[in-house]
Amino acid sequence: MARRRSLKYNAAILTATGFIVKAIGFAYRVFIANSIGTEGLGLYQLMTPIYSFLVLVLSAGISVAVSRFVAEETAKGLNRSGLKTASVSAGLVLGVGIIICGILLLNLDALVLGTTGDARTRNSLFWILVFVPPIAAASAFKGYFYGRQEMMPNSIGQIFEQIAKLLFVLIFYGSFKGKGIDSMCLLAVLAMLIGECANVLVVYIAFLHTKTKYVKTRGIKGESTIALIKKICRTSIPISANRFVLSTIGTVESLLIPQRLMHYGLSFQESLKSFGRLTGMAAPLVFFPSMLPMALATALVPAIANAVAAKRYNVANRQISQSIRLTIIMGLVFTSFFAACSHELAELVYPGQDAGEILHLLAYTGVFLYLQQTMLGILNGLARERSMLISTLAGSMARLAAIWLFMPVWGVKAYIYAVILGSIITIALNFKTVSKLTGISIDIGDWVMKPLTASLTGSVLALLLKRLSAFTGLPRKFALLSAVFITFSSIMIIFLIMGIIKKEDLKRWAGRGNMVNIGMML
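Report follows, based on the coordinates.

Rules used in this analysis
- Residue indices follow the written sequence of each chain, beginning from 1 at its first position.
- In view of the model being predicted, local features appear only for residues whose pLDDT reaches at least 70, and side-chain atom pairs are presented and counted only at 80 or more, with totals across whole chains, interfaces and linings using the full set of residues.
- Working from all heavy atoms in the structure, the side-chain values ignore hydrogens and water.
- The definition of a nonpolar core used throughout is a set of buried Ala, Val, Leu, Ile, Met, Phe, Trp, Tyr and Cys residues joined through side-chain atoms within 4.5 Å.
- Exposure classes here rest on a 1.4 Å probe applied to the protein chains alone. A residue is buried below 20% of its type maximum, exposed above 50%, and partly exposed in between.
- Counting from the N terminus, the helices are the DSSP runs of H or I reaching at least four residues and the strands are the DSSP runs of E reaching at least two.
- Residues count as neighbours in contact if any of their non-hydrogen atoms are within 4.5 Å of one another.
- One less than the residue count of a helix, multiplied by 1.5 Å, gives the span that helix is expected to have.
- Residues scored as charged are limited to Lys and Arg (positive) and Asp and Glu (negative), so that His and the chain ends carry no count.
- In what follows, salt bridge is the name for a side-chain nitrogen of Lys or Arg lying within 4 Å of a carboxyl oxygen of Asp or Glu.

### Some words on the nonpolar core
Nonpolar side chains in soluble globular proteins generally cluster together in the buried interior.
Item 1. Counting residues in each nonpolar core, the largest one holds 132 residues, and the members touching the most others are Y44, I324, F338, L345, Y415 and F495.
Item 2. When residues of this core are assigned to their parent elements, the largest contribution, 22 residues, is made by helix 1 (residues 2-75).
Item 3. If near-sequence neighbours (up to four positions away) are discounted, L345 is found in contact with L285, F337, F338, L359 and V484.

### Here's the deal with helix 10 (residues 313-340)
Item 1. For helix 10, with 28 residues, the first-to-last C-alpha span of 40 Å sits near the 40 Å given by 1.5 Å per residue.
Item 2. Counting buried positions over the 28 residues of helix 10 gives 24, a clear majority of the element.

### Here's the deal with the environment of M281
Item 1. Along the chain, the position of M281 falls in helix 8 (residues 268-287).
Item 2. Take M281: its relative accessible area is 0%, and that puts it in the buried class.
Item 3. For M281 and I32, which are 249 residues apart along the polypeptide, the C-alpha to C-alpha distance reads 9.8 Å.
Item 4. Every residue in contact with M281, bar those within four places of it in the chain, is listed here: A33, T38, L41, G276, Y350, Q353 and A355.

### Some thoughts on the side chain of E196
Item 1. Turning to its location among the elements, E196 is positioned in helix 6 (residues 181-214).
Item 2. As a buried residue without a salt bridge, E196 has its nearest oppositely charged side chain in K142, at a separation of 4.6 Å.
Item 3. Sequence-distant contacts of E196, that is, excluding residues within four places in its chain, are made with Y51, I135 and E161.

### Here we look at the pattern of salt bridges
Item 1. Following the criterion strictly, the structure yields six salt bridges and no others.
Item 2. Residues E39 and R120 are paired through a salt bridge, measuring 3.1 Å at the closest nitrogen-oxygen approach. A residue pair is termed long-range when its members are at least 10 positions apart, and E39 in helix 1 and R120 in the loop between helix 3 (108-114) and helix 4 (122-147) qualify at 81 residues.
Item 3. When its relative accessible area of 11% is taken as the criterion, E39 is described as buried.
Item 4. Exposure remark for R120: the relative accessible area of 25% places this residue in the partly exposed category.
Item 5. In this structure, E344 and K466 form a salt bridge, with 3.1 Å as the shortest nitrogen-oxygen distance. Remark: K466 occurs in the loop between helix 16 (444-465) and helix 17 (476-497) and E344 occurs in helix 11 (residues 342-349); sequence separation between them is 122 residues.

### Examining unusual backbone geometry
Item 1. With a phi angle near 55 degrees, D354 is a residue other than glycine that sits in the positive phi range.
Item 2. Here D354 is to be found in the loop between helix 11 and helix 12 (356-363).
Item 3. The exposure class of D354 is exposed, given its relative accessible area of 60%.

### Let's talk about the side chain of S459
Item 1. Of note, S459 is situated in helix 16.
Item 2. Apart from the residues within four sequence positions on either side, S459 is in contact with S336 and I491.

As structure tokens, then:
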């Protein structure tokens, strides 16, 4: 009973941590977007893919490898071996990171020219290259705690990260304000890096604390350092190679969008502003509800994995069908919501930034992106990582090709079509794999027709009712907030009245009783 109570307590703590991180992070992004403007946000969004690319390539495989080895060693009682694995891995990443980032620093001007193409990003890229090695190395310590199933250090680190970068911006905003867009962009980049360092520091202190408990204990002599490095590399390099391919495509896409918008007829500054509104303003709003399919995947994937292992495919089919149906319902609720009140919501969150039109367009990608996330979770439960990589790569390549070909013709709308096309390809390939394994088929009625009917009905009702807020005589902000509330309430009421959303569906969305790992995923 004590063990069970402890798990419930940890699940509650981690779930709360995930929502806190999301909430603070969203508040930070809103503040940054309103502070540095659309062009500054566009510059910032050009550099974050480069940062993410470097960190992911250096650390993705290491984190997974350390987590796996530490879990095995902990199960055998070899606690000191787990500590050594994490320490050697961190040193390996730090060394490789210093070499790679050192070479890039020596060729910084060429890097700026070949990536962002804007000299105003030079200082920001300099600091990114300085901080990347230690930040990437910390993934080994994070993997250590994941391997021991101790989520608290990483969760606390995430909270400190969000608080640190928000405080940094609030404290130093006055020092950077009025010195140009490049200065404001540097503020955002430094805040991101300081936040990451706060996360690293918390996790490293927790690792040192754990190390003091086992350093004096005797144990079986583990592998030599050379043998351990070889084992780590054998496991981590294939994973990092996969991440390298996908991260490269994502980075190329981010750098490509402003350039293709210029071919559409926009100036460089206008293309940056559009890019900033798209990826820095509209995208965070549309992706914010993604915590729900994450929770859903966390709750259902273990059941799917167990059912398939026991060859109980009827049970697996039921779980998969539930997860797909609930994700589509959730996706259509939020797609309808963002599309129906995009201008009011954008003006409420980003006043005066003209982000409403782009938010309206991006809203239609929501249901596809949420479903893609759930399908990837299902494939994880079915242990089909290779199929997952192939489908994601195919969708990403199609998305990239569509951006290249059609953005000069249709502008930002082409990006929306490209996202939807890429997601459909990925979802279709993933569903084909799932269907082959379990024999499941598409339920057009429950999965598509009923939710879509409720979505359209709720949207029409919302568009009619939200006009009432204009006649209330409320101050502008309260009128906007009222319109947003009326829109969401109208859509939810229709889904409830039509019986599309049930009480048990809300419980599954929350992932009640099955959310021990959601803090890590968020």
